[in-house]
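Analysis of the macromolecular model
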Amino acid sequence: MLEAYSRAWTEIDYDAIRHNVNEVRKLVKNTKIMGIVKANAYGLGDVACAKALQECGVDYFGVSSIDEALNLRNAGIQDNILILGYTPSMHFHYLHEQNIVQSLVSIEYARELNAYAKENDVKIRCHCKVDTGMCRTGIVYQEQDKHIEDIYEEYRLENLCVEGIFSHFPVSDCLDEDCTEFTKKQIQLFDEVIDLLKSQGIDPGIRHLQNSYGILNYPELEYEYCRPGLLYMGVTSDDHIKIKTNPDFIPIMSMYANVSLVKWIYPGQSVSYGRHFIAEKPTKVATMSIGYADGLPRLLSNQGFEVLVHGQRCKVIGNLCMDQCMIDVTDVEDVKEGDEVCIVGHQGDEVVTVDQISRMAKTINNETLTSISSRVPRLKVLCFGIVGCMYSYISIFRNIRNI
């Protein structure tokens with residue numbers, strides 16, 4: 001793939017990560033940060049994000065799979081890496097060969113992993129996952145069903161070195177009474193497990209519970225680590241969701257495409273598949289070189305979504321195509337082939353946020369960012385001076401280089 005500043009591309013301001021990490025630290029005080037870089041750091045570059053986080057003093061990383069962990073190791077990331085998901089038995093050997101920490105998704109899984117480690121005369125580092133209400137993975141410890149003996153057993157398996165314990169919030173983003181009560185109950189259950197482990201003379205190891213919204217809404221929890229993902233990227237899942245705190249994040253990602261063609265159409269002419277847009281007056285149409293195969297949701301079609309051309313807002317018209325889409329540039333002067341279209345970010349005095357895309361596509365930023373295609377280059381923004389250089393969109397200070 002050509003890592004080019006043309007057709008369609010993203011710009012990632014990895015320098016702004018330091019600012020965002022500092023904002024997280026203001027909230028959680030002495031709690032350390034486990035940087036979540038799963039899914040290629042939500043599509044923004046796992047290795048680049050991990051290295052930027054390392055420069056901020058982050059010494060622990062969370063991934064979803066053995067493949068993601070090995071990608072970090074192969075890139076020279078030697079800090080602690082926790083696999084948050086499932087590793088198949090055929091890949092168990094990588095865990096001890098590459099010094100990777102595995103989460104224990106069930107007691108049966110822990111026994112299987114211990115049997116492998118015993119047979120191969122190795123110790124495998126692990127974290128105990130406790131299911132306090134997510135009902136996804138981990139040993140169930142909820143009000144209706146408390147499997148504390150299974151948790152004890154995991155810590156006592158001879159060939160596993162259980163160094164930590166964690167759980168996960170499903171509704172820490174919601175501040176209504178029911179969700180708040182549910183989250184506080186999870187915290188109570190998690191602390192109860194830790195106290196019971198200590199009563200048995202078992203060191204629970206490092207504790208981590210707060211995901212991104214757990215950090216924003218429950219910053220007072222004093223566990224050893226917290227697990228921000230989107231936060232160090234300067235966004236939340238949805239900026240319309242109310243939070244208890246008021247951090248000053250800088251979005252690190254912007255997205256652009258080129259104009260490939262400009263033409264006039266006349267009343268009665270239609271645009272794109274399905275003929276959902278039919279011109280009612282002479283309309284100047286620009287084709288831009290990005291489509292749903294690049295990660296722009298097709299659900300944006302005919303929803304009034306706007307992009308920026310020459311600093312002016314222009315509506316996307318007609319159905320998005322796989323590789324292209326069309327915009328109404330009637331009111332923009334001198335639009336020509338090669339001009340830059342801003343899909344996410346700043347241009348002139350205007351801004352388009354990833355949140356606007358996500359809401360219109362009826363999803364969250366997590367999905368929007370991870371859906372950006374691998375064929376869209378991630379180009380690193382080098383900024384000088386003030387952090388973020390006004391969100392890194394002032395072109396005079398910009399120097400783009402390939403990652």
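Above: the structure in question.
Notes on the structure in this doc start here.

Some words on a negative patch on the surface
Among the surface-exposed residues, Asp 176, Glu 177, Asp 178 and Glu 181 lie close enough to one another that they form a single negatively charged patch. By relative accessible area, which is 54% here, Glu 181 ends up exposed.

Some words on unusual backbone geometry
One non-glycine residue, Asn 99, lies in the positive phi region at around 55°. With respect to the helices and strands, Asn 99 occurs in the loop between α5 (92-97) and β5 (101-104). Here the phi dihedral of Asp 334 falls at roughly 60°; this positive angle occurs in a residue that is not glycine.

With respect to the nonpolar core
In terms of nonpolar packing, the biggest core is built from 123 residues, with Ile 17, Ile 151, Met 288 and Ile 343 touching the most fellow members. In contact with Ile 343, other than residues within four places in its own chain, are Met 255, Tyr 256, Ala 257, Met 288, Ile 290, Leu 296, Phe 305, Val 307, Val 352 and Ile 357. In this structure, Phe 277, Ala 279, Val 285 and Met 326 belong to the second largest nonpolar core, which totals eight residues.

Here's the deal with the pairing of strand β17 (residues 312-317)
As paired elements, strand β16 (residues 306-309) and β17 share four bridges and run antiparallel to each other. When the sheet's bridge partners are listed, Val 307 is paired in β17 with Cys 314. A loop of two residues connects β16 with β17, the two strands running antiparallel in sequence, and His 310 in this loop sits at a positive phi of about 55°. Bridge analysis of β17 against strand β18 (residues 325-328) gives two bridges, and the strand direction is antiparallel. The residue of β18 that forms the bridge with Ile 317 is Met 326.

Thoughts on the packing of aromatic side chains
Scanning all chains against the criterion turns up seven aromatic pairs. Each ring, one from Phe 169 and one from Tyr 218, has its centre 6.1 Å from the other, and the planes form 40°; the classification is tilted. With a gap of 49 residues between them, Phe 169 in the loop between β9 (160-166) and α8 (177-199) and Tyr 218 in the loop between α9 (212-217) and β11 (225-226) connect regions that are remote in the sequence. Considered together, Phe 169 and Tyr 218 belong to a single accessibility category, that of buried residues. An aromatic cluster of at least three residues, connected via ring pairs, comprises Tyr 86, Phe 92, Tyr 109 and Tyr 116. In this structure, Lys 244 is placed above the aromatic ring of Tyr 218, and the distance from its NZ or CZ to the ring centre is 4.7 Å.

A short note on empty space enclosed by the protein
One pass over the full model with this rule turns up one cavity of 30 Å³ or more. By volume, the largest cavity amounts to about 50 Å³. Together, Met 253, Met 255, Gly 295, Leu 296, Pro 297, Val 344, Val 354, Ile 357, Thr 368 and Ile 372 line the largest cavity. The residue makeup of the lining of the largest cavity, split by class, is eight nonpolar, two polar and no charged.

Considering the layout of surface pockets
When its volume is computed, the largest pocket comes out at roughly 670 Å³. In this structure, the largest pocket is lined by 31 residues; those nearest its centre are Lys 38, Tyr 42, Arg 136, His 168 and Asn 211. Of all elements in the fold, only α2 (38-42) and α9 reach the threshold of two or more residues within the lining of the largest pocket. For the lining of the largest pocket, the element with the most residues is α9, which contributes three residues.

Describing the pattern of salt bridges
Going through the model one piece at a time under the given rule, you end up with 16 salt bridges. Between Lys 146 and Glu 192 there is a salt bridge, with the nearest N and O atoms lying 2.9 Å from each other. A residue pair is termed long-range when its members are at least 10 positions apart, and Lys 146 in strand β8 (residues 145-146) and Glu 192 in helix α8 qualify at 46 residues. The partner of Arg 375 in a salt bridge is Asp 323, with the nearest N and O atoms 2.6 Å apart. One end of the pair, Arg 375, is in the loop between α11 (365-370) and β21 (378-382); the other, Asp 323, is in the loop between β17 and β18, and 52 residues separate them in sequence. With relative accessibility at 31%, the residue Asp 323 sits in the partly exposed group. One salt-bridge network, held together by shared partners, links Arg 7, Asp 294, Asp 323 and Arg 375.

Calculation notes
Residues numbered from 1 in each chain as written. Predicted model: local features only at pLDDT ≥ 70, side-chain atom pairs only at ≥ 80, totals over all residues. Heavy atoms only, no water. Patch = residues over 30% accessible without salt bridge, like charges linked within 9 Å, V, L, I, M, F, W, Y side chains within 5 Å. Areas by Shrake-Rupley, 256 points an atom, 1.4 Å probe, with all protein chains shown as cover. Salt bridge = Lys/Arg side-chain N within 4 Å of Asp/Glu carboxyl O. Lys, Arg positive; Asp, Glu negative; His and termini not counted. Charge placed at Lys NZ, Arg CZ, Asp CG, Glu CD. Buried < 20%, exposed > 50% of the residue type's maximum accessible area, 1.4 Å probe, protein only. Helix = DSSP H or I, 4+ residues; strand = E, 2+ residues; numbered from the N terminus. Core = buried A, V, L, I, M, F, W, Y, C linked by side-chain atoms within 4.5 Å. Contact = heavy atoms within 4.5 Å. Pairing = 2+ DSSP bridges. Phe/Tyr/Trp six-rings, centres within 6.5 Å; stacked < 30°, edge-to-face > 60°. Lys NZ or Arg CZ within 6 Å of the ring centre and 35° of its normal. 1 Å grid on protein atoms, 1.4 Å probe; cavity = no way out; pocket = protein on both sides within 12 Å on 5 of 7 lines; lining within 4 Å. Points joined across faces, edges and corners; volume = space filled by probe spheres on them. Nonpolar A, V, L, I, M, F, W, Y, C, P; charged D, E, K, R; others polar.

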